[in-house]
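# Secondary and tertiary structure notes
Here are the chains, one letter per residue:
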Amino acid sequence: MDLNKMQNEFNKAISLIIDAKRDDNKSFMNNEEYDRRIEDVKLSKTQTKCKKDYRNIRKYDVILINDKERLIKAMNHDNDSIRYFVKNEELFNILHSTHIAIGHGGRDRMMAEIKLKYCNITKETIMIFLSLCTDCHKKSSNPKRGLVSKPILHSAYNSRAQIDLIDMQSQSINNYRFIMNYQDHLTKFVILKPLKTKRAEEIAYNLMEIYTTFGAPAILHSDNGREFVNSVINELHTMWGDVKIVHGKPRHSQSQGSIERANRDVEDMLATWMAETNSTDWPSGLKFIQFRKNRAFHSGIGRSPYEAMFGCPARLGVVSIGLPVDEISSLKSEEDIECILKSNKDEGVEENVPCTSNLEQVTSDIELVDQRKQNILDARQSSAHNLEKQALKMVKTSNRKYDELSVGTTVRLSIPDVDRARGSPRNVLAVVTEVKDDLYKLCTESGFLKHMYTRSEINPCKANLLDLSTVLKSAGQSEKPLSLREAATVNSISGAQGYTRCQCKTKCKTNRCACRSASRICNSKCHGSLPCENKNE
């Protein structure tokens, strides 16, 4: 769905919601209502006060930015930040820019980001926007039945760290073939490093760079196996004799959900970044993905990993000052910022400028340091408490029930890992064209799929992102039905899936091994847990 069509569908959905609400709703304001409330607030400040005037002053305030009057939420405390009221006409652009900035994050991440700056954008509005995002439907996960996991709980920073490797051999760039994902278990702070091999020496070298900055954990855990972790720890000890780390117990990947979910987030964000920049140079995008991941709200700890690590939100330059999105583009120099801050001060409004307001509240540098230390401790204690609450929910899963689907419904179809390339979407979007014996015939924008699917294999989208007649017209140009792998290839900017799986039982010593003959290192999909000599070469 292109951006203009998406905006039109969004505006239609918002109009239906507004029509269903009472006339005195406070969440949605058109241009006339917005201007009227500004005039009411200004009048309430100047005339003899009545009950309505006190209510207006308590709820609203008006500031002048670049000769434009803006309606904001009244700030009743010194440490309150400016939060703007948004007009209906501005909703889509604000949601779209926020959605892109946090790497196509979901409802909770969107809400956490939006409420820092705006005060009348509801969860209902955000859910409507997300239901129309095609990229989100392609990367979103599908329901699973009876998934039960064993949570790992730690309450101290650096008590346990998790490491995992993402296989990118099929999209090798400048000899980089893997992504090392390192995560602190408590704060969920991740560090991403591109690797040329998965040898213990290269991994240990990158870990040493992390440990000399953030300190070394007591326990290092990886689902790649105890032998893998032992070799990395031994190599670390050789490079840095003072460090002492032990390995964690091997667990099933489902019980190690945190790092596995982080891997999926990294892959999804990387796929979106590659599509946005029209580039396959994924090593260059890892730093941006790392920052997006760490500044995004994490529902497990109740805050972003950056806040849990450092005790304050991540800063984004001028964006963090608290100005409207449409005003930021006009800033060219420090004088422009000072001019706006001065105009706000003349209006009697305190800007939430980073660091400045905090320095006014403390009397010495020692108190400021103590305050920051306490903020970090409070954030980490709250993170540990939220992880315990999340662990209780994780063990209370149940079977999902699926409704019958009608012809014309847009659905998501999961692509197996072996049928898609790294950095490709997790799902392909299709539309139901026929229902026969409770089996569904699906058609994508590239053509019909060969097989028919059951209800448990497909997941309906809340909005009809694909038009049935348009899809049938484009599919009629294809000569033959497509397999799911072929459909995934057509819809991926990375191209075809790149797995070369071998089933060797002789340690992959010769070129009879499909991986060795293709100059590839065996991956986790190959020959189960059998011994292999093609993993560290």
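Structure's up top.
As the structure is a prediction and not an experimental result, all values here were calculated from the model.

### Some details on the overall build of the chain
From N to C terminus, the chain includes 19 helices and twelve strands. Burial analysis of the chain (537 residues in total) assigns 44% to the buried set. Considering only contacts within the chain whose residues lie at least 6 apart along the sequence, 64% involve residues at least 24 apart. Surface accessibility of the chain: about 28200 Å² in total, with carbon and sulfur atoms responsible for 49%.

### With respect to the sheet that holds strand S4 (residues 178–184)
Spatially, the five strands line up as an open sheet ordered S5-S4-S3-S6-S7, and their pairing is mixed. Looking at the sheet topology across the chains shown, the edges are occupied by strand S5 (190–195) and strand S7 (246–247). Inspection of the sheet shows strand S6 (residues 219–221) paired to S7 by two bridges, in the parallel sense. Bridge pairing links Leu 220 to His 247 in S7. Docked against the sheet, helix H8 (residues 200–214) engages strand S3 (160–167), S4, S5 and S6, running at close to 150 degrees with respect to S5. Contacts from helix H11 (residues 282–295) reach S4 and S5 within the one sheet, and its direction differs from that of S5 by about 170 degrees.

### Quick notes on the sheet that holds strand S10 (residues 439–444)
Read from one edge to the other, the open sheet built from five strands follows the order S11-S10-S9-S8-S12, with strand pairing classed as antiparallel. Two strands close off the open sheet at either side, each with one partner strand: strand S11 (447–448) and strand S12 (458–460). Inspection of the sheet shows S10 paired to S11 by two bridges, in the antiparallel sense. Considered in S11, the bridge of Cys 443 is made with Phe 448. Running at roughly 95 degrees to strand S9 (residues 427–436), helix H17 (residues 468–475) makes contact with S9, S10 and S11 of the sheet.

### Remarks on the packing of helix H5 (residues 107–114) against helix H6 (residues 123–131)
The contact between H5 and H6 brings their axes to 10 Å, and the two run at 130 degrees. One element, H5, and the other, H6, form an angle in the oblique class. Classified by chirality, the crossing of H6 by H5 is right-handed. Residues Arg 107, Met 110, Met 111 and Ile 114 of H5 touch H6, and the partners they reach there are Lys 123, Ile 126, Met 127, Phe 129 and Leu 130. For the contact of H5 with H6, the residue count by class is seven nonpolar, no polar and two charged.

### Brief notes about the packing of aromatic side chains
Counted according to the given criterion, the structure contains ten aromatic pairs. Ring centres 6.5 Å apart and planes at 50 degrees place the aromatic pair Tyr 84 and Tyr 118 in the tilted group. With Tyr 84 in the loop between strand S2 (68–73) and helix H4 (91–101) and Tyr 118 in the loop between H5 and H6, the pair connects residues that are 34 residues apart, well separated along the chain. Of the two residues, Tyr 84 and Tyr 118, neither departs from the other in class, the shared state being buried. Centroid distance Phe 189 to Phe 310: 5.9 Å. Interplanar angle 90 degrees. Geometry classified as edge-to-face. Taken together, the residues Phe 189 in the loop between S4 and S5 and Phe 310 in helix H12 (residues 305–310) connect sequence positions 121 residues apart.

### Quick word on the pattern of salt bridges
This structure, assessed with the given rule, holds 16 salt bridges. A salt bridge links Lys 42 to Glu 69; the shortest N-O distance between them is 2.8 Å. Of the two residues, Lys 42 sits in helix H2 (residues 31–46) while Glu 69 sits in strand S2, which places them 27 residues apart along the sequence. A salt bridge links Glu 209 to Lys 193, with the shortest nitrogen-to-oxygen separation between them at 3.2 Å. Here the residue Glu 209 occupies a position in helix H8, and Lys 193 occupies one in strand S5, the gap between them amounting to 16 residues. Its relative accessible area of 40% is what places Glu 209 among the partly exposed residues. Salt bridges here are not isolated pairs; linked through shared partners, they connect Glu 33, Arg 36, Arg 37 and Asp 40.

### Things to note about the nonpolar core
One recurring pattern in soluble globular proteins is that nonpolar side chains are buried together. Core analysis: the biggest nonpolar cluster contains 37 residues, and Phe 10, Leu 95, Ile 121, Ile 126 and Phe 129 have the highest contact counts within it. Put simply, the parts of the chain that give this core at least two residues each are helix H1 (3–20), strand S1 (60–65), H4, H5, H6, S9 and H17. Residue contacts for Phe 10: discarding those within four places in its chain leaves Leu 91, Phe 92, Leu 95, Thr 125, Ile 128, Phe 129 and Leu 132. In terms of nonpolar packing, the next biggest core, distinct from the first, is built from 25 residues, Tyr 182, Ala 200, Tyr 211 and Leu 220 among them.

### Thoughts on the state of the cysteines
The tally for this structure, following the rule as stated, stands at zero disulfides. Here Cys 513 is not disulfide-linked; the sulfur of Cys 504 is the nearest cysteine sulfur, at 3.8 Å.

### Quick notes on the side chain of Arg 412
Along the polypeptide, Arg 412 turns up in strand S8 (residues 410–414). The side chain of Arg 412 sits in the buried core without any salt bridge; Asp 268 is the nearest counter-charge, 11 Å away. At a separation of 3.3 Å, a polar atom in the side chain of Arg 412 contacts the side chain of His 137.

### Side note on the packing of H1 against H6
Orientation of H1 relative to H6, taken along the N-to-C sense of each, is 145 degrees, at an axis distance of 10 Å. Crossing of H1 against H6: the hand is right-handed. Together, Met 6, Phe 10, Ala 13, Ile 14 and Ile 17 of H1 and Glu 124, Thr 125, Ile 128 and Phe 129 of H6 make up the contact between the two elements. Among the residues forming the contact of H1 with H6, the class breakdown is seven nonpolar, one polar and one charged.

### Focus: unusual backbone geometry
For Asn 174, which is not glycine, the phi dihedral falls at a positive 55 degrees. Counting through the fold element by element, Asn 174 comes out in the loop between S3 and S4. A positive phi is found at Asn 175, a non-glycine position, where the angle reads about 70 degrees. Relative to the assigned elements, Asn 175 resides in the loop between S3 and S4.

### As for the pairing of S9
Counting buried positions along S9 gives seven out of ten residues, so the element sits mostly inside the fold. In this structure, S8 lies alongside S9, joined through five bridges in antiparallel fashion. Residue pairing across strands places Arg 412 opposite Leu 429, the latter belonging to S9. Sheet topology note: the S9/S10 ladder contains five bridges and is antiparallel.

### Focus: H8
Compared with the 21 Å implied by 1.5 Å per residue over 15 residues, the 20 Å span of H8 between its first and last C-alpha is a close match. Residues Ala 200, Ile 203, Ala 204, Asn 206, Leu 207, Ile 210 and Tyr 211 constitute the buried set of H8. All buried residues of H8 fall inside an arc of 165 degrees around its axis, so they share one side. Along H8, the residues that are exposed and aim more than 90 degrees away from the buried face are Tyr 205, Thr 212 and Thr 213. In the segment just after H8, Gly 215 is the residue with positive phi, at about 90 degrees.

Calculation notes
- Residues numbered from 1 in each chain as written.
- Predicted model: local features only at pLDDT ≥ 70, side-chain atom pairs only at ≥ 80, totals over all residues.
- Heavy atoms only, no water.
- Helix = DSSP H or I, 4+ residues; strand = E, 2+ residues; numbered from the N terminus.
- Buried < 20%, exposed > 50% of the residue type's maximum accessible area, 1.4 Å probe, protein only.
- Contact = heavy atoms within 4.5 Å.
- Areas by Shrake-Rupley, 256 points an atom, 1.4 Å probe, with all protein chains shown as cover.
- Pairing = 2+ DSSP bridges.
- Axes fitted to C-alpha atoms, helices over the stretch in contact; angles between N-to-C directions.
- Parallel < 35°, antiparallel > 145°, perpendicular 65-115°, else oblique.
- Left-handed = near helix turned anticlockwise from the far one by under 90°.
- Nonpolar A, V, L, I, M, F, W, Y, C, P; charged D, E, K, R; others polar.
- Phe/Tyr/Trp six-rings, centres within 6.5 Å; stacked < 30°, edge-to-face > 60°.
- Salt bridge = Lys/Arg side-chain N within 4 Å of Asp/Glu carboxyl O.
- Core = buried A, V, L, I, M, F, W, Y, C linked by side-chain atoms within 4.5 Å.
- Disulfide = S-S within 2.5 Å.
- Lys, Arg positive; Asp, Glu negative; His and termini not counted.
- Polar contact = N/O pair within 3.5 Å; in protein donor to acceptor, adjacent residues only side chain to side chain.
- Expected span 1.5 Å × (residues − 1).
- Arc of directions from axis to C-beta.

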